[in-house]
Structures are given as structure tokens and as C-alpha cells.
Amino acid sequence: MFKLSPFGRGPAIMDGLQGLSGALLALFLLLHLHLEASILIGPEAFDAVAWFLHAGWADPAGHGYAAMVVAASLVILTLLALHVWTALRRVPIQFRQWRALSRHLHWVHHSGTRWWLVQLVTGMALMIFLPVHLITMMTQPHQISVELSALRIVNEGGWLLYGVLLPLAVLHGVIGLARLALKWLPSFTGRQGLRRITAVVVVYLLVLGGVSLAAHIDNGQRLNDGQTLSVQSR
């Protein structure tokens, strides 16, 4: 067990764990949003992705294994817990720390500090909303199909949860990757260029996730109206 001392290796190890866990979570978010966007191709494409992720290709019956979803959710939940544990040491908990931060933001106008503040606010919110999503996936692993997902989103308030999660996760994850790039790859690009890239990626992911969510809502409304979901019916 290492000691969290400014003179020991503890802070460096904690910083490395925070960066690694954050990078893995952010990269998973990028993958997750693009897999979710398969709904834009059609119901069959979304179900094909769900079948693959359930390891339907390994199931003789072709249905797949719900345990795959539970296992993946547990891995993400573990990474989230590690990331929160290593990041909490940087959260200002005293009034004088918040006052110093406020003065710094007011007088210095440093983009890095503003990015850190956005990450702080979004991170605290994600600590509340993201476990709800992960627990839902672990307790309802069978409900990842085009019809069941659409009905859950429309009839069980999933649209509200995902509508809140989307901007929080995108802002936190993309800004986190940008800050890691500044820290570990200082020669990758200039700060101005990195800010532009970050803004473009944030907008792109918000649009991609928003349109995908809208497609699920539309499918749910169709199902509630008694319609069937097929490419021909669109």
C-alpha cells in the first residue's frame, strides 16, 4: 500500500490511475455512442449489434448470453469507481479553496482552469446518473433490442435519463481526453488547435447521440401506436 505523500510515489501513481481509468472510460463512450448509432441504419442493424455484443455468435441457439452485458457493466462500474476514487483528492472541499478558484477564474481567464471546472461539475453529476444507467443494464440485460430498448426509453422515462447523461458524459469525456493530450502529448498540437478539435468532437458526439436517442423515441412511439419496426415501414 503506497502512502499519499507529496514526497512519495503515491500522488504519481494516483495521477496515473486517474488518467488511465478516465481515458478507458472516454474511449468506451466513443465506442458506445457509435454502436448505439447503428439504430440510424435500421432496426436490423441495431439488433445485429446487440446480438454480437451478447455473443450470439457463440450461442448454439443463437440468442446470446445476458451475462455478457452484466460483465461489461461491472467492468465499467469498476473503472468508474477507480476513477472517482483517484479524482476525489482534487476536489476543493474548503471554502478558501473555492474562493481561490473563483478569483483565479475571474482574473486569469485560463482555459485549462475552465476545462477543469467543467469536468468537476459534470463529474459530480455523473456520479449520480451514470450508476443508474449501469445498474439498469445489469438488472435488465435482456432488454437490449430495438423494440425493448425503444419501449424502455419511451415508457419508463429512459429518454430523460439518457438526455441528461449524453451532454454530461460527452463534455466530461472529451475534455478529459483533451487535458490528457495536453499533459502527456504536449507536441501533439497547439492549445488553440486542440480547443477547436475538442469543440468539433463535442458537437459531433452530441448530434450523433441526440439523433440516435430521437430514433429510439420515434421507434417507441411507433410501437405504442401498434406499428411494427422494419426498414420497409419507414
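You'll find the structure just up there.
Residues numbered from 1 in each chain as written. Predicted model: local features only at pLDDT ≥ 70, side-chain atom pairs only at ≥ 80, totals over all residues. Heavy atoms only, no water.

Asker: Account for the overall build of the protein, naming residues and giving values.
Answerer: Broken down by element type, the protein carries 8 helices and 0 strands. The burial tally for the protein puts 39% of its 234 residues in the buried class. Surface exposure of the protein reaches about 13700 Å², of which carbon and sulfur atoms provide 70%. (Helix = DSSP H or I, 4+ residues; strand = E, 2+ residues; numbered from the N terminus. Buried < 20%, exposed > 50% of the residue type's maximum accessible area, 1.4 Å probe, protein only. Areas by Shrake-Rupley, 256 points an atom, 1.4 Å probe, with all protein chains shown as cover.)

Asker: Give me unusual backbone geometry: which residues, what numbers.
Answerer: When glycine is set aside, most residues are seen to have a negative phi, and most peptide bonds are trans. One non-glycine residue, Ala55, lies in positive phi territory at about 60 degrees. Classification of Ala55 as buried rests on a relative accessible area of 3%.

Asker: Provide a residue-level description of the side chain of His54, including the pertinent values.
Answerer: Structurally, the position occupied by His54 is in the loop between α2 (43-53) and α3 (66-87). Its relative accessible area of 8% is what places His54 among the buried residues.

Asker: Help me get a handle on the packing of helix α7 (residues 158-184) against helix α8 (residues 191-224), residues and values and all.
Answerer: Helix packing for two helices is described by the angle between their axes and how far apart those axes are. Packing of α7 against α8 leaves a shortest axis separation of 10 Å and a crossing angle of 160 degrees. In terms of their interaxial angle, α7 and α8 are classed as roughly antiparallel. Our pair here, α7 against α8, has a crossing hand that is right-handed. Here α7 contributes Trp159, Tyr162, Gly163, Leu166, Pro167, Val170, Leu171, Val174, Ile175, Ala178 and Leu182 to the contact with α8, which in turn contributes Arg191, Leu194, Thr198, Val201, Val202, Leu205, Leu206, Gly209, Gly210, Leu213 and Ile217. Looking at the contact of α7 with α8 residue by residue, the class counts come to 17 nonpolar, 4 polar and 1 charged. (Axes fitted to C-alpha atoms, helices over the stretch in contact; angles between N-to-C directions. Parallel < 35°, antiparallel > 145°, perpendicular 65-115°, else oblique. Left-handed = near helix turned anticlockwise from the far one by under 90°. Contact = heavy atoms within 4.5 Å. Nonpolar A, V, L, I, M, F, W, Y, C, P; charged D, E, K, R; others polar.)

Asker: Describe the pattern of salt bridges, and please don't skip the residues or the numbers.
Answerer: Two side chains that carry opposite charge are able to pair once their charged atoms sit near each other. Inspection of every chain in the model, using the stated rule, returns 2 salt bridges. Of the charged contacts in the structure, one is a salt bridge between Asp15 and Lys183, with a shortest N-O distance of 2.0 Å. Of this pair, Asp15 sits in helix α1 (residues 10-36) while Lys183 sits in helix α7, and the two are 168 residues apart along the sequence. Judged by its relative accessible area of 15%, Asp15 falls in the buried class. A relative accessible area of 44% places Lys183 in the partly exposed class. Taking the shortest distance from any N to any O, the salt bridge between Asp218 and Arg222 comes out at 2.9 Å. One end of the pair is Asp218 and the other is Arg222, both in helix α8 and 4 residues apart, which spans about a single turn. (Salt bridge = Lys/Arg side-chain N within 4 Å of Asp/Glu carboxyl O.)

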